[in-house]
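A look at the structure
So you can see what is in the structure, the chains are spelled out below.
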Amino acid sequence: MSLHVLQPGLFTTVQDKGRAGFQKYGVPVGGAMDAFALRTANALVGNAEDAAALEMTLTGPALRFDTDALIAICGGDLSPSIDGDAVPAWRPVYVKRGGTLRFGGCRSGCRAYLAVAGGIAASRVLGGRGLYLRAGIGGLHGRSLQRGDTLPLGSAGDRARRLAARLAAACGRRPFAATGWFIRREALPPYREDPVLRYVPGREYDAFSADSRTRFGCSRFLVTSRSDRMGYRLDGPLLALSVPAESISEPVTAGTVQVPPDGRPIILMADRQTTGGYPKLAQIAEVDLPVLAQAKPGDTLAFRQISRAEAETLLLQREAEWRKLALSIELKQNEGEVHSCILST
């Protein structure tokens, strides 16, 4: 069971939830930039939430299915189609053997995720299957996809096989069939262009000048073309410490906002380094990282300060909502009744 890569897209990689437990050795966590989209796509096809899937950036690949498959596409809209017919997102889709899934240009967002029932069966490296490009580990042969690659697939679970069988029966002569139910926009993170991201003050927040703290909270910053999975480099009002100082390197995490000597902030992302010495102005609330992951070069970002308690409460609420969503999906896959507004038909 496999997927054949006809065209690789701009930057398509195998990703999962990342590698835990190795930062003390200098190994980044990595994993999907938009963890919400990855987890949800996996849930829709009956996978474990940390199963490996494809992360596609700005322009997606063309893939031929060498087997019947149950898939889900979540995240940004990269205009997917199968054999010329548009494919709906945020729902399970059955694809016949021989079908070709193509992604085009980016209509909204930045990254889309393709989950296949059974997961991408790439080899585990240090506990994870996701690609960390700078070290050449994980993914498929330690790199992004290339034309002619073959992606091995794992075995689909019972729920996925039952759902695929029901969709296959309804497929007829069409190349694919999708469920009539899907995830409503209200259940998603607030994906939108030019978002406002919530943050808590960083370790050196008070060491920045009052003007710099005000500019950060009241200005919009441009996501530059130098942004990548390691960090988003921003352009806008210059930020500076009240008094220049040097710091020793300290642990950093996804969403840490560092300010190098040139005054242009960097937001660390999935492939961030494990430590950093630049002063830490802020920490983006974890609940907003999926929204940030869908920002692309040319978009602008604004920031709003909240308390640490608010950030923790927001994350706990989002996690509870996601668990409810996952349960609703499972019930729908089993053809049970769902008394919830999370899913629509």
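Just so you know, these numbers come straight off a predicted model, no measurement behind them.

1. Here we look at the nonpolar core
One finds L70, F216, Y232, I267, L301 and F303 to be the most contacted residues of the largest nonpolar core, which totals 58 residues. When residues in this core are grouped by element, the largest group, six residues, is from helix 1 (residues 35-44). Those residues in contact with I267 that sit more than four places away from it in its chain are M230, G231, Y232, L234, G255, T256, V257, I284, L292, L301 and F303. Counting 28 residues, the second largest nonpolar core, distinct from the first, contains I82, I120, A122 and L145.

2. Let's talk about the layout of surface pockets
The computed volume of the largest pocket comes to approximately 960 Å³. As for the largest pocket, its lining consists of 38 residues, of which A254, E286, V287, L289 and L315 are closest to the centre. Of all the elements in the fold, those that place two or more residues in the lining of the largest pocket are helix 1, strand 14 (196-201), strand 21 (280-284), helix 4 (289-293) and helix 5 (308-333). At six residues, helix 5 tops the list of elements feeding residues into the lining of the largest pocket. A per-class count over the lining of the largest pocket returns 20 nonpolar, seven polar and eleven charged. Considered as a void within the structure, the second largest pocket measures approximately 610 Å³ in volume. Lining of the second largest pocket is provided by 31 residues; of these, G75, D77, W90, S108 and R185 occupy positions nearest its centre. When residues of the lining of the second largest pocket are traced back to their parent elements, those giving at least two are strand 5 (69-77), strand 10 (108-116) and strand 13 (182-183). With five residues, strand 5 is the largest single contributor of residues to the lining of the second largest pocket. Across the lining of the second largest pocket, the residue classes break down as 16 nonpolar, six polar and nine charged.

3. Quick word on the pattern of salt bridges
The final tally for this structure, using the stated rule, is 21 salt bridges. With a closest N to O distance of 3.0 Å, E49 and K17 form a salt bridge. In this pair, E49 is assigned in the loop between helix 1 and strand 3 (53-57) and K17 in the loop between strand 2 (12-15) and helix 1, connecting sequence segments 32 residues apart. With a relative accessible area of 18%, E49 lands in the buried category. For R161, the salt bridge goes to D158, with nearest N and O atoms at 2.2 Å. A residue pair is termed a helical-turn pair when its members lie 3 or 4 positions apart in one helix, as R161 and D158 do in helix 2 (residues 158-171) at three residues. Beyond isolated ion pairs, a larger network of salt bridges with shared partners links K17, R39, E49, E319 and R323.

4. Here's the deal with the packing of aromatic side chains
A full pass over the atoms with the stated rule returns six aromatic pairs. Their ring planes at 35 degrees and their centres at 6.4 Å tell us that W90 and Y191 sit as a pair that is tilted. Linking W90 in the loop between strand 7 (85-86) and strand 8 (93-95) with Y191 in the loop between strand 13 and strand 14, this pair joins segments that are 101 residues apart in sequence. A relative accessible area of 22% places Y191 in the partly exposed class. Relative to F303, the ring of F216 lies with its centre 4.4 Å away and its plane at 15 degrees, an arrangement referred to as stacked.

Rules behind the numbers
Residues numbered from 1 in each chain as written. Predicted model: local features only at pLDDT ≥ 70, side-chain atom pairs only at ≥ 80, totals over all residues. Heavy atoms only, no water. Core = buried A, V, L, I, M, F, W, Y, C linked by side-chain atoms within 4.5 Å. Buried < 20%, exposed > 50% of the residue type's maximum accessible area, 1.4 Å probe, protein only. Helix = DSSP H or I, 4+ residues; strand = E, 2+ residues; numbered from the N terminus. Contact = heavy atoms within 4.5 Å. 1 Å grid on protein atoms, 1.4 Å probe; cavity = no way out; pocket = protein on both sides within 12 Å on 5 of 7 lines; lining within 4 Å. Points joined across faces, edges and corners; volume = space filled by probe spheres on them. Nonpolar A, V, L, I, M, F, W, Y, C, P; charged D, E, K, R; others polar. Salt bridge = Lys/Arg side-chain N within 4 Å of Asp/Glu carboxyl O. Phe/Tyr/Trp six-rings, centres within 6.5 Å; stacked < 30°, edge-to-face > 60°.

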